[in-house]
Amino acid sequence: MLLQLPTLPGKTMREVLVIGGTGAQGLPVVKALSSSKQFSVRILTRDAKSARAQEIVKLPNVSVVEGRQDSQEDLHRAFKGVYGAWVNTDGFTLGEKNELFYGCRAYEIARYHRVQHYIYACADFALKHAKWDENYHWGHNDAKGRVAEYILAQGQDGMKSSVLTTGPYMNMLWDGMFVPTQQPDGIFVWANPAKSGKIPLIALEDIGHYSLWLLNNPEKSAGLDLKVATDEVSFADIAAVFTEVTGKKGVHRFVPLEEYLPMAEPFPNAPANFAAGPNAIKDEATMSWRRNFSAWWRYWGEGLAERRDMALLDRIHPGRIKSLGAWMRLVHYDGQPRNVLKGVEDLKRAAALVQQQQPSG
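All values reported here derive from a predicted model rather than from experimental measurement.

A. Summary view of the overall build of the chain. Scanning the chain for helices and strands turns up 15 helices and 13 strands. For the chain, whose C-alpha radius of gyration is 20 Å, the value lies close to the compact-globule estimate of 21 Å for 361 residues. Along the longest, intermediate and shortest principal axes, the C-alpha atoms of the chain span 60 × 50 × 40 Å. When each of the 361 residues of the chain is scored for burial, the buried share is 53%. If you take every contact in the chain between residues at least 6 apart in sequence, the share linking residues at least 24 apart comes to 77%. Approximately 16,300 Å² of the chain is accessible, and the part contributed by carbon and sulfur atoms is 51%.

B. Looking closely at the UniProt feature "domain: NmrA-like" (unreviewed entry) in the chain. Under the UniProt annotation, the feature "domain: NmrA-like" (unreviewed entry) is placed at residues 15-263. For residues 15-263, the helix share is 39%, the strand share is 22%, and the end-to-end C-alpha distance is 45 Å.

C. Highlighting unusual backbone geometry. The backbone of Asn 269 shows a phi angle near 60°, a positive value even though the residue is not glycine. Here Asn 269 is to be found in the loop between helix H11 (257-264) and helix H12 (289-301). Taking the relative accessible area as the measure of exposure, Asn 269 reaches 67% and is therefore exposed. The phi torsion at His 332 lies on the positive side, around 60°, for a residue other than glycine. Looking at the secondary structure, you find His 332 in the loop between helix H14 (324-331) and helix H15 (344-356).

D. Spotlight on the environment of Leu 100. Inspection of the secondary structure assignment puts Leu 100 in helix H5 (residues 96-112). Of the residues examined, Leu 100 reaches a relative accessible area of 30% and is grouped as partly exposed. With near-sequence residues (within four places) excluded, Leu 100 lies in contact with Ala 143, Arg 146 and Val 147.

E. Looking closely at the pattern of salt bridges. The full count for this structure, using the stated rule, is 18 salt bridges. Among the salt bridges present, the one from Lys 227 reaches Asp 225, with a minimum N-O distance of 3.3 Å. Across the pair Glu 244 and Arg 329 runs a salt bridge, and its minimum N-O distance is 3.8 Å. Placement of the pair is Glu 244 in helix H10 (residues 235-246) and Arg 329 in helix H14, with a sequence separation of 85 residues. You can call Arg 329 partly exposed: its relative accessible area is 46%. Salt bridges here are not isolated pairs; linked through shared partners, they connect Asp 225, Lys 227 and Glu 306.

F. Up close: the pairing of strand S7 (residues 160-166). Here S7 lies mainly inside the structure; 6 of its 7 residues are buried. Pairing of strand S6 (residues 117-123) with S7 involves 7 bridges; the strand directions are parallel. The residue bridging His 117 from the neighbouring strand is Lys 160, located in S7.

G. Molecular detail of the packing of aromatic side chains. As enumerated under the stated definition, the model contains 24 aromatic pairs in all. Here Phe 39 and Tyr 83 contribute two aromatic rings whose centre-to-centre distance is 6.5 Å and whose plane-to-plane angle is 25°, an arrangement assigned as stacked. Here Phe 39, found in strand S3 (residues 39-45), pairs with Tyr 83, found in the loop between helix H3 (72-79) and strand S5 (84-87); they are 44 residues apart in sequence, far enough to count as distant. Accessibility classification places Phe 39 together with Tyr 83 in one group, the buried group.

H. Geometry of the sheet that holds strand S9 (residues 188-192). Across the sheet, 3 strands lie side by side as S8-S9-S13; this open sheet has mixed pairing. The sheet is open, and its two edges are formed by strand S8 (181-182) and strand S13 (250-254), each paired on a single side. Here H10 sits on the sheet in contact with S9 and S13, set at roughly 165° to S13.

I. Spotlight on H3. Among the residues of H3, Asp 74, Leu 75, Ala 78 and Phe 79 are the ones counted as buried. End-on view of H3: buried residues confined to an arc of 125°, all on one side of the axis. On its buried face, H3 is in contact with strand S2 (14-19), S3, strand S4 (62-66), S5, H5 and S6. Gly 81 sits one or two positions beyond H3 and adopts a positive phi of about 85°.

J. Molecular detail of the packing of H11 against H12. Orientation of H11 relative to H12, taken along the N-to-C sense of each, is 130°, at an axis distance of 11 Å. Here H11 lies oblique to H12, going by the angle between them. Between H11 and H12 lies a crossing whose hand is right-handed. From H11, Leu 257, Tyr 260, Leu 261, Pro 262 and Ala 264 reach across to H12, where they touch Trp 289, Arg 290, Phe 293, Ser 294, Trp 297 and Arg 298. Its residues assigned to classes, the contact of H11 with H12 comprises 8 nonpolar, 1 polar and 2 charged.

K. Inspection of the pairing of S6 at higher detail. The buried fraction of S6 amounts to 7 of the 7 residues, a majority that puts the element mostly inside the structure. Every second residue of S6 is oriented toward a common face, with His 117, Ile 119, Ala 121 and Ala 123 on one face and Tyr 118, Tyr 120 and Cys 122 on the other, all of them buried. Judged from the 4 bridges that link them, S5 and S6 form a sheet pairing that is parallel. If you follow Val 87 over to S6, its bridge partner there is Tyr 120.

Thresholds applied
Residues numbered from 1 in each chain as written. Predicted model: local features only at pLDDT ≥ 70, side-chain atom pairs only at ≥ 80, totals over all residues. Heavy atoms only, no water. Helix = DSSP H or I, 4+ residues; strand = E, 2+ residues; numbered from the N terminus. Rg over C-alpha atoms; globule rule 2.2 N^0.38 Å. Buried < 20%, exposed > 50% of the residue type's maximum accessible area, 1.4 Å probe, protein only. Contact = heavy atoms within 4.5 Å. Areas by Shrake-Rupley, 256 points an atom, 1.4 Å probe, with all protein chains shown as cover. UniProt positions renumbered as here; feature names shortened; annotations may be inferred. Salt bridge = Lys/Arg side-chain N within 4 Å of Asp/Glu carboxyl O. Pairing = 2+ DSSP bridges. Phe/Tyr/Trp six-rings, centres within 6.5 Å; stacked < 30°, edge-to-face > 60°. Axes fitted to C-alpha atoms, helices over the stretch in contact; angles between N-to-C directions. Arc of directions from axis to C-beta. Parallel < 35°, antiparallel > 145°, perpendicular 65-115°, else oblique. Left-handed = near helix turned anticlockwise from the far one by under 90°. Nonpolar A, V, L, I, M, F, W, Y, C, P; charged D, E, K, R; others polar.

What follows is the structure, encoded as structure tokens:
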């Protein structure tokens, strides 16, 4: 099913397929492409009637096609006839094995349909950066890292390809695992297992600009893995910047993993891809939520991520948000939670359904 608003008369625009366009990272990409007046956008979504899909299709030159990331038939329909693609697979729904397979298949299907420029939204290849130490292996990032290396290894003949690598979103200070808790005395506390490592946080507000640059500069972006960040900060830094910007006291309290995980786990024995609901395929490779996020916190909290080339990012996007403090001032950050990540209600519903099917006792 395809829902589309008409293109303005006399305008010839190159169409870009966006997979993951209703997600937190994909939304600013769709908005940037739509407002550029250079590209029209086709979004692959599981539910064209969802609130996010219905809202985003109101943007100029944006259409949605209903289908799944884990359906080769749907991928063929989605890629057919487009100039370019921006692809962010949903590993927390697909799981590590499916994200690896469908990440590679999406690229191959794009080649079949003669897509001219393919951008893969990636995340730091944690296991590789940790010198293959299994204590730092978690499914979502490592599956993406493998797919990115596969894509770039195919070269640039026939289809240009670029990788956009992001770390955790700065906007997760509103939603997800980076939200502080305000104590009765007014102090905002970030209580988590992060140590003193610097984390490359990226403000979602700048993702669209970087994606447009990749599309508009193939002579520079072909074969490039563009690793982006707004600022590289520890949680002690986050608390200190928060205090400086808001005047409200912020502190970071280190909590050992064994104490933190039972408090944060969606439900006992949750799988990492519980977002897929009770019908998710499970086998020996299915990672538990606890194992996944143990590695997640070790990697980011110990500062193992590759450092970003801030000088390169300044050249690509001179007007980028350049620090955590600048972002907090821009968005009037006050430490209070706000919905950012896609489908918080869907995640809660999926967690409840999966928990109902767990063996009792």
